[in-house]
Amino acid sequence: MSLSSDSGPSAEERPPAGVRPGHLGFIMDGNGRWAEQRQLPRTQGHAEGAEALRQMLRLARKHHIAEVTCFALSTENFEQRSEEELQFLFDLLAHHLEQEREEMERLQICFRAIGRLQELPRRLIDAIEKAQRETSGHKGLVFRLAVNYGGRAELADAFCSGGAGDPSLIGAQKETALAAHLYDPAMPDLDLLVRTGGEMRLSNFLLWHSSYAELYFTPVLWPDFSAVDFAAALEEYSRRSRRFGSVSTTTSGGDA
Ligand code: IPE
Ligand code: IPE
Ligand code: MG
């Protein structure tokens, strides 16, 4: 699939001409079940999940989404998954970051990682830092990957780094001060959060940024997440009425 030669999404894959989310989040869940259903090792589900992620980023560009943030590994996963599964995930992530340089250039993806990155293996930290450095000038799509990420950990880290600091701050200044100490202060609030795999929970993802996110849950397992599923989520979003506490019924938060 190439951005320049493709004619774009088919009618079925195309979202309505309404409002699209500016910042789209994914809790990419269901890799293990996808593999178990096929009597494959869980790790095979993660490999397929990485492929689904590649395809999703192409779709995000086609649909002119500005920013995408994906949950790859939670702080709880980091503590509770087997050594073998974690090692596979670290190697898979590092491998993709090392291999996808051309794709990131072609799609003009600006890559960022968020989480307690310092606890990750050296090879993965190096791959993350290199990818961040080499893609920092790309203007097509900001793609953030949450690795060893927890919403509570992010808030705790922000507090402990002085984000809660100055007692003379008043009202919204307090929130602005804290937000400046989050992992990526440039990251905007989520407009739409999609979770695959059927569970209806946040599992500690982007607690700060999802305050007013529209939530979309689908039973589709992440490795099966297709162009049609992507368009269905955008279609649903375009029908939501976002009020942010007001009484107006206009949809806002993204681009028309
Ligand atoms: C999500 O898939 C990816 C990670 C948490 C690393 P899971 O591994 O949670 O897959 P299921 O939920 O067991 O199917
Ligand atoms: C959330 O999925 C984390 C990622 C998708 C990376 P989990 O599979 O860890 O969530 P729970 O345990 O079902 O809540
Ligand atoms: Mg899961």
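From a predicted model like this one, the values you see are computed outputs, not experimental measurements. (Residues numbered from 1 in each chain as written. Chains lettered and ligands numbered in written order. Predicted model: local features only at pLDDT ≥ 70, side-chain atom pairs only at ≥ 80, totals over all residues. Heavy atoms only, no water.)

**Student:** An account of the site of ligand 2 is requested, with residue identities and associated values reported.
**Tutor:** Residues in contact with ligand 2, as listed here, are I27, M28, D29, F71, A72, L73, N77, R81, R195, R201 and S203. D29 is positioned such that a nitrogen or oxygen atom in its side chain is 3.2 Å from an oxygen atom of ligand 2. N77 places a side-chain nitrogen or oxygen 2.8 Å from an oxygen atom of ligand 2. When the free accessible area of ligand 2 is taken as 390 Å², the share hidden by the protein chains comes to 78%. (Near = heavy atom within 4 Å. Polar contact = N/O pair within 3.5 Å; in protein donor to acceptor, adjacent residues only side chain to side chain. Areas by Shrake-Rupley, 256 points an atom, 1.4 Å probe, with all protein chains shown as cover.)

**Student:** Which residues make up the pairing of strand β6 (residues 192-195), and what values do they have?
**Tutor:** Residues L192 and V194 of β6 are buried on one face, and the alternating residues L193 and R195, pointing to the opposite face, are buried as well. Pairing of strand β2 (residues 23-27) with β6, which is carried by 4 bridges, proceeds in the parallel orientation. Paired with G25 across the strands is L193, a residue of β6. As paired elements, β6 and strand β7 (residues 214-217) share 4 bridges and run parallel to each other. (Buried < 20%, exposed > 50% of the residue type's maximum accessible area, 1.4 Å probe, protein only. Helix = DSSP H or I, 4+ residues; strand = E, 2+ residues; numbered from the N terminus. Pairing = 2+ DSSP bridges.)

**Student:** So what about the pattern of salt bridges? Which residues, and what values?
**Tutor:** The full count for this structure, using the stated rule, is 27 salt bridges. Put simply, D184 and R112 hold a salt bridge, and the shortest N to O gap is 3.6 Å. Note that D184 is positioned in the loop between α8 (172-179) and β6 and R112 in strand β4 (residues 109-114), a separation of 72 residues in sequence. Classification of D184 as buried rests on a relative accessible area of 7%. Put simply, R240 and E214 hold a salt bridge, and the shortest N to O gap is 3.0 Å. Taken together, the positions of R240 in the loop between α9 (227-239) and β8 (254-255) and E214 in strand β7 put the pair 26 residues apart, joining distant regions of the chain. The exposure classification of R240 matches that of E214, with both residues buried. Taken together, the salt bridges that share partners define one network made up of D191, E214, E235, E236, R239, R240 and R242. (Salt bridge = Lys/Arg side-chain N within 4 Å of Asp/Glu carboxyl O.)

**Student:** Provide a residue-level description of the packing of aromatic side chains, including the pertinent values.
**Tutor:** Counted by the stated rule, this structure contains 12 aromatic pairs. Aromatic rings pair up to connect F26, W222, F225 and F230 into one cluster. (Phe/Tyr/Trp six-rings, centres within 6.5 Å; stacked < 30°, edge-to-face > 60°.)

**Student:** Give a detailed account of the site of ligand 1, specifying residues and quantitative values.
**Tutor:** Near ligand 1, the surroundings consist of 13 residues, among which D29, G32, R33, R42 and R81 are the closest. G30 places a polar main-chain atom, nitrogen or oxygen, 3.5 Å from an oxygen atom of ligand 1. Here G32 contributes a backbone N or O atom positioned 2.9 Å from an oxygen atom of ligand 1. Placement of ligand 1 is best described as lying within the largest pocket. Those elements that place two or more of their residues in the shell around ligand 1 are α1 (31-37), α2 (42-62) and α4 (83-99). The dominant element in the shell around ligand 1, judged by the number of residues it contributes, is α1, at 3 residues. A per-class count over the shell around ligand 1 returns 3 nonpolar, 5 polar and 5 charged. (1 Å grid on protein atoms, 1.4 Å probe; cavity = no way out; pocket = protein on both sides within 12 Å on 5 of 7 lines; lining within 4 Å. Sits in = over half its atoms within 2 Å of the grid points. Nonpolar A, V, L, I, M, F, W, Y, C, P; charged D, E, K, R; others polar.)

**Student:** Which residues make up the side chain of S74, and what are the values?
**Tutor:** Residue position: S74 is located in strand β3 (residues 67-74). A polar contact is formed between the side chain of S74 and the backbone nitrogen of N77, at a distance of 2.8 Å. Setting aside its immediate chain neighbours within four residues, S74 contacts N148 and Y149. (Contact = heavy atoms within 4.5 Å.)

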